[in-house]
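This is what each chain is made of:
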Amino acid sequence: MTDHQHSTDRHPAEHAHPKGKEYLAIAVVLTVITAVEVAVFYIPAMHPVLVPVLLTLSTLKFALVAMFYMHLKFDHRLFSWLFVLPISLAVLVIIALMKLFGVF
Amino acid sequence: MAVAAAVHPAPHEEHPTSTGLSSRKMLFWAFLGSECMFFGSLIATYLVYRGRDTVGPHPHEVLNIPFTSFSAFVLLMSSLTMVLALAACQHGDRRGTAGWLAATALLGMTFVGGQCYEFTHFFYDGLKLQGNLFGCTFYVLTGFHGTHVTIGVIWLWTLFTLAIRGKLPQEKSLDVEIAGLYWHFVDVVWIAIFTLIYLIQ
Amino acid sequence: MATTTAPVGVATGTRTSFAAGVWSWITTVDHKRIGVLYGVTAFLFFLIGGLEALLIRIQLARPENTFVSPDFYNQLFTMHGTTMIFLAVMPLSASFFNFIIPLQIGARDVAFPRLNAFSYWVFLLGGIFLNLSFFLGGAPDTGWFGYSNLTSKQFSPGHGVDFWAIGLQVLGISSLAAAFNFIVTIINLRAPGMKLMRMPVFAWMTLVTAFLIILAFPVITVALVFLLFDRFVGTNFYVPASGADPVLWQHLFWLFGHPEVYILILPAMGIVSEVLPTFSRKPLFGYPVVVYSGIFIGFMGWGVWSHHMFSVGLGPIADSFFALTTMLIAIPTGVKIFNWIATMWGGRVELKTAMLFAVGFIAMFIMGGLSGVMHASPPADLQQTDTYFVVAHIHYVLFGGAIMGIFAGIYYWFPKITGRLLDERLGQIHFWLNIIALNVTFFPMHFVGLLGMPRRVYTYAPGLGFDTMNMISTVGVFAIVIATLVFIVNFLRSVRSGETTGSDPWGGATLEWAIPSPPPAYNFASIPTVHSVHPLWEADASDLIKDVNRVRGPIHMPPSSYWPAVAALGIALLMSGMIFGWWFGIPGLLIMLVGLYSWAFEPCH
């Protein structure tokens, strides 16, 4: 539902987006992290720490995409709040439900 | 919520807003916040029901990590092409915009195609939507993600059509940016799904 | 470029053909007209829900009554709850959001006028769809919280539950779209100088409510998706035989359901926080505390859901946790009550009807709140749950609370909406009849509940001590009906021939009272600059009033559009196709796509 009401909106605060090179660098980092994740999955020695390592790595990927590709790092803080608060709530709900159902 | 109502009359702004921020973009971030709760509930259900099945197939018997790693990589790369499309649009590069939009849409279609292939395979491995809990929670969660990707692909081709007709000039880069937010969101959801469902079995 | 300068009054209006008139309402994107549409539609649904309650009470008047069949009784209480929550209280609140919020924050419209129209049309069609079930094989009959696995195909083979689940999904789309719209409107369209802490409390409560909606509705959407998959595709989300746990439904439902309780009550709290200062001639006592309490309730509302599920047996740790959070959330609510009372303290209290309803709201809400805190204790709750004690509690907070608050709002803002006053004498009769009748109806339910009368059962045996109390409750409902009829008569008379009024009949403090009644289509000829929480009570108010009504050149308003209504129709057909078949679904899909694309590409400047 694209509403073209304010299609000419442009704002000074939103101009400082990074350049193509930085985008590419992020993509390389994301690829490397994904490769590490899959590697961790296949290395038996890593299995005792599999869950915390994977959760950390995927959170890192998540944060990189949100901060750089979705520009939260450069945009107004309000947008970050609109996204981070619901995400935190969702994570808390997931943890609470797992706890209530005795998953851990 | 530290939005002081400082009114900066932004240049080229037809409707000045209290925060100086675009209303459409704000609406879209609120929408993504809402989507977090949607996927959060789906993921919670998957995690709550994991390991309760008495009959197979179980996750480790069907999930194909190498194949899905490739899919995850494809979707990550589509996020790169998406920001490049936005950058091109912001620089008024019409051909770049159209090209990167098309690339993103094609990568998205590759992902959806991969999901169709994966679903078919799982189906023949005995994983049914109407079968065990793993079947129904897995198909519904990843199916909703796939639906989101499909909607994104349609959105991207729509923008592509506009771009090649020269209807996505610099001033309309917000249209591309918002589509991009959607696309990246679908990507980060897959980052979560890939870890929580595929890698942590 | 549509340049509108003629006032498009709600009650007035030029003499055009009937068809043109109807068409102008279908295509309207004016927040004031949409607010009126919401209000009228929701009030009609309120009457339908009331009729259902009346039938329920007639059935329960005497023991072993046979006025309605057990089966129809189940449909009645299910539809009564669903209708009152989703089709009456929520959209009545939405009606005030629509009409009042842009006026209070000094805006010409909401941020997305066409999305606003879309929300209304989806709501209307969803409500009609849900009620069609009465005529198409029977209405839903599983209670408004539709516990699994009673809702499974095995135990509810008819289409009632399908209508319920699909209807709620459609209504969810409407609520979500409206909530996104109001979040952006309130954050982004405030008049210059109106910092967040200078907003009227009603705008604040609307903002908190909108956030609760966008975070709570996705959860029930998912729960209903699972239910629909179970019923239509044969999945096993809630089927115990496959290892699933039907309690999952309860968790997902109440994760939505408890925030929903605050979605119902916060707007009424906001209305009351506007009415009390106006008729006490005193600013709201402790404005920031009321605001922060509202925000705190919004957060805490997420941590209490399992107090609806104490009887499940979640274990001592979970029970203790949710008991504590529930007792904790009573604190900000209590704080607000003290603030309201302190607002009246020492003020020049003027007991107009709106004020009476606001004061009545406080009294009734305290009653409901007290019985609510009693449920917070799990051992007490185990005695009270599923009895009429809980029915008494919810009706004190929702009828005594939310509905009384909404009536306060109707009496307060009716002159702004129509330019005419509601009759004060009939209003006073309405109030006194209403508050006596509601206590006669609901107070005895505390007793029959503690005596053990279960809710949702179509009859009871004589000699259990329930007989007299039930008869009293039923008599009370008839008095509520009379009170409501008094209101309807008052409304219909006053709309046509009520006393006309100027821009500010009550001496209100907020911006909506600075402009004519009814407001012109563009609301403010010039957007005001605000320096205070109560701009019209400042020394320079007369300058501000002069200023906002001075036209300085052409005003651009968004043109009307029928695409939102088309898109809404498409969505309703698409979703109803799940029951009616693909010859509804496929055209629905196409109409929706045409509607959405035409909407997106429609020029609007």
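Residues numbered from 1 in each chain as written. Chains lettered and ligands numbered in written order. Predicted model: local features only at pLDDT ≥ 70, side-chain atom pairs only at ≥ 80, totals over all residues. Heavy atoms only, no water.

Looking up chain C in an unreviewed UniProt entry gives the name Cytochrome c oxidase subunit 1, with the organism given as Eiseniibacteriota bacterium. Here is the UniProt Catalytic activity (unreviewed entry) comment for chain C, exactly as written: "4 Fe(II)-[cytochrome c] + O2 + 8 H(+)(in) = 4 Fe(III)-[cytochrome c] + 2 H2O + 4 H(+)(out)". According to UniProt, the comment filed for chain C under the heading Subcellular location (unreviewed entry) is "Cell membrane". (UniProt positions renumbered as here; feature names shortened; annotations may be inferred.)

Under an unreviewed UniProt entry, the name given to chain A is Cytochrome C oxidase subunit IV, and the source organism is Eiseniibacteriota bacterium.

A.B. asks: Any chance you could break down the overall build of chain C for me, citing the residues and the numbers?
C.D. replies: When its secondary structure is counted, chain C shows 17 helices and zero strands. A globule of 605 residues ought to have a C-alpha radius of gyration of about 25 Å, and chain C, at 24 Å, matches this closely. For chain C, the spread of C-alpha atoms along the three principal axes comes to 70 × 60 × 45 Å. Of all 605 residues assigned to chain C, the portion counted as buried reaches 62%. Of the contacts made within chain C by residues no fewer than 6 positions apart, 82% connect residues no fewer than 24 positions apart. For chain C, the accessible surface area stands at approximately 21300 Å², while carbon and sulfur atoms represent 71% of it. (Helix = DSSP H or I, 4+ residues; strand = E, 2+ residues; numbered from the N terminus. Rg over C-alpha atoms; globule rule 2.2 N^0.38 Å. Buried < 20%, exposed > 50% of the residue type's maximum accessible area, 1.4 Å probe, protein only. Contact = heavy atoms within 4.5 Å. Areas by Shrake-Rupley, 256 points an atom, 1.4 Å probe, with all protein chains shown as cover.)

A.B. asks: Please set out the interface of chain C and chain A residue by residue, giving values where relevant.
C.D. replies: Counting residues at the interface gives 25 residues for chain C, matched by 16 residues for chain A. Summed over both sides, the interface between chain C and chain A buries roughly 1700 Å², with carbon and sulfur atoms accounting for 77% of that surface. At the surface where chain C touches chain A, the tally comes to zero salt bridges. Linking chain C to chain A there are zero residue pairs in polar contact (both at pLDDT 80 or more). When residues of the side of chain C that touches chain A are traced back to their parent elements, those giving at least two are helix H4 (113-132), helix H6 (201-232), helix H7 (247-280), helix H9 (316-344) and helix H17 (582-601) of chain C. Per-element accounting of the side of chain C that touches chain A gives the leading share, five residues, to H7 of chain C. Split into classes, the residues belonging to the side of chain C that touches chain A amount to 20 nonpolar, three polar and two charged. (Buried area = accessible area lost by both parts, 1.4 Å probe. Salt bridge = Lys/Arg side-chain N within 4 Å of Asp/Glu carboxyl O. Polar contact = N/O pair within 3.5 Å; in protein donor to acceptor, adjacent residues only side chain to side chain. Nonpolar A, V, L, I, M, F, W, Y, C, P; charged D, E, K, R; others polar.)

A.B. asks: Please provide a residue-by-residue account of the environment of Ala 61 of chain C, values included.
C.D. replies: Residue and element names in this part refer to chain C. Examined against the element boundaries, Ala 61 turns out to sit in the loop between helix H2 (31-60) and helix H3 (70-105). Residues Ala 61 and Ile 429, 368 residues apart in the sequence, show an inter-C-alpha distance of 26 Å. With near-sequence residues (within four places) excluded, Ala 61 lies in contact with Tyr 460, Asp 467, Asn 470, Met 471 and Thr 474.

A.B. asks: Describe in detail the pattern of salt bridges, supporting the description with residues and values.
C.D. replies: Summed over the entire model, instances satisfying the criterion amount to twelve salt bridges over all chains. We note a salt bridge from Glu 177 of chain B to Lys 25 of chain B, for which the minimum N-O separation is 2.8 Å. Of this pair, Glu 177 of chain B sits in helix H6 (residues 173-199) while Lys 25 of chain B sits in helix H1 (residues 23-49), and the two are 152 residues apart along the sequence. Per residue, the accessibility class of Glu 177 of chain B equals that of Lys 25 of chain B, and both read buried. Taking the shortest distance from any N to any O, the salt bridge between Arg 456 of chain C and Asp 386 of chain C comes out at 3.0 Å. Within this pair, whereas Arg 456 of chain C is found in the loop between helix H13 (424-450) and helix H14 (467-497), its partner Asp 386 of chain C is found in the loop between helix H11 (378-384) and helix H12 (388-418), the two being separated by 70 residues in sequence. Counted as one network, the salt bridges with shared partners bring together Asp 75 of chain A together with Lys 25 and Glu 177 of chain B.

A.B. asks: With reference to specific residues and values, describe the environment of Pro 316 of chain C.
C.D. replies: All names here are of chain C. Structurally, Pro 316 can be placed in helix H9. A residue is classified by how much of its surface remains accessible, and Pro 316, at 65% relative accessible area, is exposed. Residues Pro 316 and Pro 378, spaced 62 residues apart in sequence, show a C-alpha to C-alpha distance of 9.5 Å.

A.B. asks: Explain the interface of chain A and chain B to me, and be specific about the residues and the numbers.
C.D. replies: Listed by partner, the interface residues are 53 residues for chain A and 61 residues for chain B. With both chains or domains summed, chain A and chain B bury close to 5200 Å², and 74% of this area falls on carbon and sulfur atoms. Where chain A touches chain B, the interface holds three residue pairs in polar contact (both at pLDDT 80 or more). The element best represented in the side of chain A that touches chain B is helix H3 (residues 77-100) of chain A, accounting for 13 residues. The residue makeup of the side of chain A that touches chain B, split by class, is 31 nonpolar, 14 polar and eight charged.

A.B. asks: Give a description of the packing of H3 of chain C against H12 of chain C that names residues and reports values.
C.D. replies: Residue and element names in this part refer to chain C. Following both chains from N to C, one finds H3 and H12 inclined at 35°, their axes separated by 11 Å at the closest point. H3 and H12 meet at a crossing whose hand is left-handed. The segment H3 lies against H12, with Tyr 73, His 80, Val 89, Leu 92, Ser 93, Phe 96, Phe 99, Ile 100, Leu 103 and Gln 104 engaging Tyr 388, His 395, Ala 402, Ile 403, Ile 406, Gly 409, Ile 410, Trp 413, Lys 416 and Ile 417. In terms of residue class, the contact of H3 with H12 is made up of 14 nonpolar, five polar and one charged. (Axes fitted to C-alpha atoms, helices over the stretch in contact; angles between N-to-C directions. Left-handed = near helix turned anticlockwise from the far one by under 90°.)

A.B. asks: Describe empty space enclosed by the protein, with residues and values.
C.D. replies: Residue and element names in this part refer to chain C. Under the definition given, this model contains four cavities of 30 Å³ or more. Counted as a void, the largest cavity has a volume near 220 Å³. Along its surface, the largest cavity is lined by 19 residues, and Met 90, Pro 91, Ala 94, Ser 175 and Ile 213 are the ones closest to its centre. At the level of elements, H3, helix H5 (160-188), H6 and H7 are the ones that each hand at least two residues to the lining of the largest cavity. Each residue belonging to the lining of the largest cavity can be placed in one class, and the counts come to 15 nonpolar, four polar and no charged. (1 Å grid on protein atoms, 1.4 Å probe; cavity = no way out; pocket = protein on both sides within 12 Å on 5 of 7 lines; lining within 4 Å. Points joined across faces, edges and corners; volume = space filled by probe spheres on them.)

A.B. asks: Which residues make up a nonpolar patch on the surface, and what are the values?
C.D. replies: On the surface, a nonpolar cluster with roughly 430 Å² of combined accessible area is contributed by Ile 154 of chain B together with Leu 589, Leu 593, Tyr 597 and Phe 601 of chain C. Here the nonpolar patch gets four residues from one element, more than from any other, and that element is H17 of chain C. Among the secondary structure elements, Leu 593 of chain C is positioned in helix H17. (Patch = residues over 30% accessible without salt bridge, like charges linked within 9 Å, V, L, I, M, F, W, Y side chains within 5 Å.)

A.B. asks: Kindly report on the nonpolar core, identifying the contributing residues and their values.
C.D. replies: With 301 residues, the main nonpolar core has Tyr 69 of chain A, Phe 138 of chain B together with Phe 361 of chain C as its most contacted residues. Ranked by residues supplied to this core, first place goes to H6 of chain C with 24 residues. Here Phe 361 of chain C is in contact with Ile 265, Ala 268, Met 269, Val 272, Trp 340, Gly 400, Gly 401, Ala 402, Met 404 and Gly 405 of chain C, once residues within four sequence places are set aside. (Core = buried A, V, L, I, M, F, W, Y, C linked by side-chain atoms within 4.5 Å.)

A.B. asks: So what about the side chain of Glu 260 of chain C? Which residues, and what values?
C.D. replies: Looking at the element boundaries, Glu 260 of chain C is found in helix H7. Buried charged residue Glu 260 of chain C carries no salt bridge. Nearest counter-charge: Arg 455 of chain C, at 14 Å. (Lys, Arg positive; Asp, Glu negative; His and termini not counted.)

A.B. asks: Explain the UniProt feature "transmembrane region" (unreviewed entry) in chain A to me, and be specific about the residues and the numbers.
C.D. replies: The feature "transmembrane region" (unreviewed entry), as given by UniProt, occupies residues 23-43, 49-69 and 81-101 of chain A in the numbering adopted here. Helix makes up 95% of residues 81-101 of chain A and strand 0%. Its end C-alpha atoms lie 30 Å apart.

A.B. asks: Go over the packing of aromatic side chains with me, naming the residues and quoting the values.
C.D. replies: Tallying each qualifying case throughout the model produces 84 aromatic pairs over all chains. Measuring from ring centre to ring centre gives 6.0 Å for Phe 45 of chain C and Phe 123 of chain C, while their planes differ by 70°; the resulting arrangement is edge-to-face. With Phe 45 of chain C in helix H2 and Phe 123 of chain C in helix H4, this pair connects stretches of sequence that are 78 residues apart. One exposure class covers both Phe 45 of chain C and Phe 123 of chain C, and it is buried. On the basis of an interplanar angle of 80° and a centroid distance of 5.8 Å, the ring pair of Trp 582 of chain C and Trp 583 of chain C is categorised as edge-to-face. With respect to class, Trp 582 of chain C is no different from Trp 583 of chain C; both count as exposed. Over the aromatic face of Phe 123 of chain B sits the side chain of Lys 128 of chain B, whose NZ or CZ is 5.0 Å from the ring centroid. One residue, Arg 33 of chain C, lies across the ring of Trp 25 of chain C, its end atom 4.2 Å from the ring centre. (Phe/Tyr/Trp six-rings, centres within 6.5 Å; stacked < 30°, edge-to-face > 60°. Lys NZ or Arg CZ within 6 Å of the ring centre and 35° of its normal.)

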